[in-house]
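# Inside the fold
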Amino acid sequence: MTTAISATDKAAQDAIYAAAGLAQAKPKTNATATTGQSSLGQKDFVRLMTAQLQYQDPFNPQDNTQMVAQMATFSQVAGISEMSSTLAGIASRLGTTTAGDAMSFVGRTVLTEGKTAYERTAGGIMGGVELANSASDVDVTITDKNGMAVKNIQLGKQDAGTVDFTWDGKDAAGNKVENGPYTVTVEAANGSTIVEAKPLVWAPVETVSLVAGGEPVLNVTGLGKVDPAAVRKVA
């Protein structure tokens with residue numbers, strides 16, 4: 001339900017808007033679109049309030065309580081708007097990797113998607129398999145630099161997510177193998193259905209590339225350039 005505005009009140013309203021230098025939105029019609037400002041900012045509010053005080057009826061001045069309520073409402077709306085902008089900035093900051101964050105990876109070992117794995121000091125390698133869905137059979141095959149399979153690890157039934165594996169650096173006969181770097185391939189299935197599986201390997205971060213206007217990139221041994229967001233674990 002709308003309340004009709006008298007000609008006197010309408011004239012006073014027009015005078016206040018004119019004094020504040022603001023254009024009023026015209027009612028929409030089938031022939032014309034809305035013109036003028038569709039929203040008011042903090043400066044507009046102050047100008048309107050000042051003009052309202054200038055044009056108030058001296059025999060019927062503005063109600064102080066009503067004006068305070070209007071100011072409080074506007075302050076609340078302005079506060080919410082500023083808070084939304086701040087939260088958006090924080091969300092943007094959390095979703096990006098700074099140069100300082102990326103530099104902290106240098107000299108450390110990360111677990112990320114890849115197939116090339118280097119031996120640990122103690123021998124053998126560690127890695128993981130990232131499964132898109134649950135699987136009844138998960139197999140890991142490790143081949144040496146000549147492409148010869150040196151170890152097959154059967155992880156059996158696994159739930160969706162990441163499952164770790166460890167190879168002690170020995171072949172099926174128990175002989176120590178030293179012919180890396182090694183290539184890790186994985187296969188997974190749930191019954192007769194193939195399950196998407198990604199090999200994860202541990203590798204050291206050598207340096208960080210800082211791209212102008214872009215995100216920092218990690219330079220990882222054996223894997224090349226890696227997005228910091230692709231890192232699953234850090235050691």
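Above: the structure in question.
On a predicted model such as this, the values are computed, not experimentally measured, just so you know.

Counting secondary structure elements, the chain contains four helices and twelve strands. Expressed as a percentage of its 235 residues, the buried residues of the chain come to 27%. Contacts in the chain between residues far apart in sequence, at least 24 positions, make up 61% of those at least 6 positions apart. Carbon and sulfur atoms make up 54% of the accessible area of the chain, which amounts to about 15,100 Å² in all.

Estimates place the volume of the second largest pocket at around 180 Å³. Of all the secondary-structure elements, those providing two or more residues to the lining of the second largest pocket are strand E3 (125-131) and strand E9 (197-209). It is E9 that contributes the most residues to the lining of the second largest pocket, three residues altogether. Its residues assigned to classes, the lining of the second largest pocket shows eight nonpolar, one polar and two charged.

Nonpolar side chains tend toward joint burial in soluble globular proteins. Judged by nonpolar contacts, the single largest core of 21 residues is most densely connected at Val129, Val140, Ile142 and Phe165. Mapped by element, the contributors of at least two residues to this core are E3, strand E4 (137-143), strand E5 (149-154), strand E6 (161-167) and strand E7 (182-190). By residue number, the principal contributor to this core is E7, which donates four residues. Non-local contacts of isoleucine 142, meaning those with residues more than four positions away in its chain, are made with Ile125, Met148, Ala149, Val150, Lys151, Ile153, Phe165, Trp167, Tyr182 and Thr183. Residues Val110, Val205, Val208 and Val231 belong to the second largest nonpolar core, which totals ten residues.

It is worth spelling out the packing of aromatic side chains at this point. Going through the model one piece at a time under the given rule, you end up with one aromatic pair. Plain terms: the ring middles of tryptophan 167 and tyrosine 182 are 5.1 Å apart, the flat faces sit at 85° to each other, and that makes the pair edge-to-face. One end of the pair, tryptophan 167, is in strand E6; the other, tyrosine 182, is in strand E7, and 15 residues separate them in sequence.

Its place among the elements puts glutamate 130 in strand E3. A distance of 2.8 Å separates polar atoms of two side chains, one belonging to glutamate 130 and the other to arginine 232. Non-local contacts of glutamate 130, meaning those with residues more than four positions away in its chain, are made with Gly161, Thr162, Glu196, Ala197, Lys198, Leu200 and Arg232.

Attention now moves to unusual backbone geometry. The linkage connecting glycine 180 with the following residue, proline 181, adopts the cis geometry, with an omega of 0°. Here proline 181 lies in the loop between E6 and E7.

How each quantity is defined
- Residues numbered from 1 in each chain as written.
- Predicted model: local features only at pLDDT ≥ 70, side-chain atom pairs only at ≥ 80, totals over all residues.
- Heavy atoms only, no water.
- Helix = DSSP H or I, 4+ residues; strand = E, 2+ residues; numbered from the N terminus.
- Buried < 20%, exposed > 50% of the residue type's maximum accessible area, 1.4 Å probe, protein only.
- Contact = heavy atoms within 4.5 Å.
- Areas by Shrake-Rupley, 256 points an atom, 1.4 Å probe, with all protein chains shown as cover.
- 1 Å grid on protein atoms, 1.4 Å probe; cavity = no way out; pocket = protein on both sides within 12 Å on 5 of 7 lines; lining within 4 Å.
- Points joined across faces, edges and corners; volume = space filled by probe spheres on them.
- Nonpolar A, V, L, I, M, F, W, Y, C, P; charged D, E, K, R; others polar.
- Core = buried A, V, L, I, M, F, W, Y, C linked by side-chain atoms within 4.5 Å.
- Phe/Tyr/Trp six-rings, centres within 6.5 Å; stacked < 30°, edge-to-face > 60°.
- Polar contact = N/O pair within 3.5 Å; in protein donor to acceptor, adjacent residues only side chain to side chain.

Nothing here speaks to function; it is geometry throughout.
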